[in-house]
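If you want the building blocks of each chain, they are given just below.
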Amino acid sequence: MYYRSMRMEWLQVARRQSLGFFETFFDVPLELALQRNQSRERSVPEATIRRMWMRLEKPCSELYGWEKNSISINGTPEDFNEILSMVSHCLENPERMVTVPCTPMEQSVIHQIDLLLRKAISERMAKAKNSMPKSDLRTFASVLQDRKLELLQRLRNGDEEIAEDRIPFVANALL
C-alpha cells in the first residue's frame, strides 16, 4: 500500500480487533525496480512503475508516530531476523483503540509547516529538473503537492499532530 492513508486503515482494523500490526517497506531503488521489471515474463509499463514509485509514501515514524512498527527491507540476510523480531513484538503488544480526541493545531504552527514544505518542494523540484523527463516531473510535482495538502488538512482537522520539536524534520519525512 503506497499511500499512508491506506496503511492507516489497516492499523485501525488492527486496533478495533486488538491485533498486532506492522508495516514492511521494500526499499528498492527505482532503477533496480525497472531492471527487475524488464526480466519479468509479463512486465508492467515503465511509466506505471515510475508513477507508482514517485507516489509511494515511505513509512516515517519520526513524523507519524503510529508508523513506529515499520521495517525497511533492503534484501540483506538480517532482514529475516528483523521481520521475526517485529512479528514477535507485535503479537506480544497488540494495538489498542485510541479514544483521546485530537484538537486542531494552531494556525501559526500549520503556517510554519506549510512554509517548510513549500521550500522543500521547491528544492526537490530543482534537483529533479535535470534528472527526470517532463512527464515524470509533472507527476512528481503533483505528488509532492498532494502530500503537502493532505498533511496540512489533517493538521487543520486535528487528525494529525506534530510535536513542535519535530517540525524541522517534517519536510524530509513527508517528501
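Computed from a predicted structure; not experimentally measured.

So, about the overall build of the protein chain. Broken down by element type, the protein chain carries seven helices and two strands. Summarising its shape, the C-alpha atoms of the protein chain cover approximately 45 × 40 × 25 Å along the three principal directions. Buried residues in the protein chain amount to 33% of all 175 residues. Considering only contacts in the protein chain between residues 6 or more positions apart, those separated by 24 or more positions represent 72%. If you sum the accessible surface of the protein chain, you get close to 11400 Å²; carbon and sulfur atoms cover 53% of it.

This next bit is on the domain arrangement of the protein chain. Here the protein chain is described as being made up of domain 1 (4-92) and domain 2 (109-174). Taking the mean C-alpha position of each, domain 1 and domain 2 sit 21 Å from one another. Across the contact, 13 residues belong to domain 1 and 15 residues belong to domain 2. When domain 1 packs against domain 2, the two sides together hide about 1200 Å² of surface, and 58% of this comes from carbon and sulfur. Looking only at domain 1, the three residues that lose the most surface to domain 2 are Met54, Leu63 and Tyr64, adding up to 52% of its buried area. Joining domain 1 to domain 2, the criterion identifies two salt bridges. The closest approach of N and O atoms between Arg147 and Glu57, which form a salt bridge, is 3.7 Å. Linking domain 1 to domain 2 there are three residue pairs in polar contact (both at pLDDT 80 or more). Counting residues per element, the ones that place at least two in the side of domain 1 that touches domain 2 are helix H1 (4-17) and helix H3 (46-55). Of the residues assigned to the side of domain 1 that touches domain 2, the class counts are six nonpolar, one polar and six charged.

This brings us to H1. In this model, H1 (14 residues) spans 20 Å end to end at C-alpha, consistent with the 20 Å of a helix rising 1.5 Å per residue. Those residues of H1 lying buried are Arg4, Arg7, Leu11, Ala14 and Arg15. Down the axis of H1, the buried set is contained in an arc of 100°. They therefore lie on one face. Opposite the buried face of H1, by more than 90 degrees, sit the exposed residues Glu9, Arg16 and Gln17. One or two positions beyond H1, positive phi appears at Ser18, with a value near 55°.

In this section: the layout of surface pockets. Gaps between atoms show up when a probe of the same size as a water molecule is rolled over them. Of the voids in this model, the largest pocket is the one considered here, and its volume is about 1100 Å³. Among the elements that make up the lining of the largest pocket, the one with the highest residue count is H3 (five residues). When its residues are assigned to classes, the lining of the largest pocket shows 25 nonpolar, three polar and 13 charged. Residues lining the lining of the largest pocket come from more than one domain, with at least three contributed by each of domain 1 (4-92) and domain 2 (109-174).

Considering all chains together, one arrives at 11 salt bridges under this definition. Among the ionic pairs, Arg7 bridges to Glu67, the shortest N-O distance being 2.9 Å. In this pair, Arg7 is assigned in helix H1 and Glu67 in the loop between H3 and strand E2 (70-73), connecting sequence segments 60 residues apart. The two residues Arg7 and Glu67 agree in class, both being buried. Its salt-bridge partner being Arg50, residue Asp136 comes within 3.8 Å of it at the nearest N-O pair. Of the two residues, Asp136 sits in helix H6 (residues 134-157) while Arg50 sits in helix H3, which places them 86 residues apart along the sequence. On the basis of relative accessibility, which here comes to 10%, the residue Asp136 falls in the buried class.

Definitions and limits used
Residues numbered from 1 in each chain as written. Predicted model: local features only at pLDDT ≥ 70, side-chain atom pairs only at ≥ 80, totals over all residues. Heavy atoms only, no water. Helix = DSSP H or I, 4+ residues; strand = E, 2+ residues; numbered from the N terminus. Buried < 20%, exposed > 50% of the residue type's maximum accessible area, 1.4 Å probe, protein only. Contact = heavy atoms within 4.5 Å. Areas by Shrake-Rupley, 256 points an atom, 1.4 Å probe, with all protein chains shown as cover. Domains from an automatic or database assignment. Buried area = accessible area lost by both parts, 1.4 Å probe. Salt bridge = Lys/Arg side-chain N within 4 Å of Asp/Glu carboxyl O. Polar contact = N/O pair within 3.5 Å; in protein donor to acceptor, adjacent residues only side chain to side chain. Nonpolar A, V, L, I, M, F, W, Y, C, P; charged D, E, K, R; others polar. Expected span 1.5 Å × (residues − 1). Arc of directions from axis to C-beta. 1 Å grid on protein atoms, 1.4 Å probe; cavity = no way out; pocket = protein on both sides within 12 Å on 5 of 7 lines; lining within 4 Å. Points joined across faces, edges and corners; volume = space filled by probe spheres on them.

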